[in-house]
Amino acid sequence: MSPVMPTELGKVKSGPGTSETSNVQFRRSLYYTRDLKQGDVITEKDVKSVRPGFGLPPKYISKVLGSSTLVSVDRHTPVRWEQFSC
């Protein structure tokens, strides 16, 4: 006979916990390393992952690389969705 398992052991919660929400800004994010003009194709030399976390998380680097800028961006600017086309 197999042991009886409870049907629910807790609730699944994804995302930062309540104690982490104030620390999200200290995570890594993507920033531009060079000035880019509208229509430039973004390469590995154009972005890097740094702290603080005011841009896109590094997990989206594959979506950023190879896409074109929709607006001109200055270096040291956080990467945001509205700045490039996927």
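Only a predicted model underlies this, so the values are computations on that prediction, with no experimental measurement involved.

**Considerations on the overall build of the protein**
A count of helical and extended segments in the protein gives one helix and four strands. Listed by position from the N terminus, the elements making up the protein come as β-β-α-β-β. A burial count over the protein gives 21% of its 86 residues as buried. A separation of at least 24 residues holds for 55% of the contacts in the protein among residues at least 6 apart in sequence. Accessible surface computed for the protein: about 6500 Å², of which carbon and sulfur atoms make up 54%.

**A short note on the side chain of glutamine 83**
Of note, glutamine 83 is situated in the loop between β3 (68-69) and β4 (84-85). A polar atom in the side chain of glutamine 83 sits 3.2 Å from the side chain of tyrosine 32. With residues near it in sequence (within four places) discarded, glutamine 83 still touches Tyr32, Ser68, Thr69, Leu70, Val71, Val73, Thr77 and Pro78.

**Some words on the packing of aromatic side chains**
Evaluation of the coordinates by the stated rule reveals two aromatic pairs. Seen from their ring centres, tyrosine 60 and tryptophan 81 are 5.1 Å apart, and the 70° between their planes marks the pair as edge-to-face. Of this pair, tyrosine 60 sits in the loop between β2 (47-50) and α1 (61-64) while tryptophan 81 sits in the loop between β3 and β4, and the two are 21 residues apart along the sequence. On the basis of relative accessible area, tryptophan 81 is assigned to the partly exposed category, the value being 37%. In textbook terms, an aromatic cluster arises when at least three aromatic residues are bridged by ring pairs, as seen for Tyr60, Trp81 and Phe84.

**Section: the nonpolar core**
A general trend in soluble globular proteins is that nonpolar side chains are found buried together. Grouped together as the largest cluster of nonpolar side chains are ten residues: Leu30, Tyr32, Leu36, Ile42, Val47, Leu56, Val64, Val73, Val79 and Phe84. Excluding residues that lie within four positions of it along the chain, valine 64 makes contacts with Leu30, Ile42, Val47, Leu56, Val79 and Phe84.

What counts, and at which threshold
- Residues numbered from 1 in each chain as written.
- Predicted model: local features only at pLDDT ≥ 70, side-chain atom pairs only at ≥ 80, totals over all residues.
- Heavy atoms only, no water.
- Helix = DSSP H or I, 4+ residues; strand = E, 2+ residues; numbered from the N terminus.
- Buried < 20%, exposed > 50% of the residue type's maximum accessible area, 1.4 Å probe, protein only.
- Contact = heavy atoms within 4.5 Å.
- Areas by Shrake-Rupley, 256 points an atom, 1.4 Å probe, with all protein chains shown as cover.
- Polar contact = N/O pair within 3.5 Å; in protein donor to acceptor, adjacent residues only side chain to side chain.
- Phe/Tyr/Trp six-rings, centres within 6.5 Å; stacked < 30°, edge-to-face > 60°.
- Core = buried A, V, L, I, M, F, W, Y, C linked by side-chain atoms within 4.5 Å.

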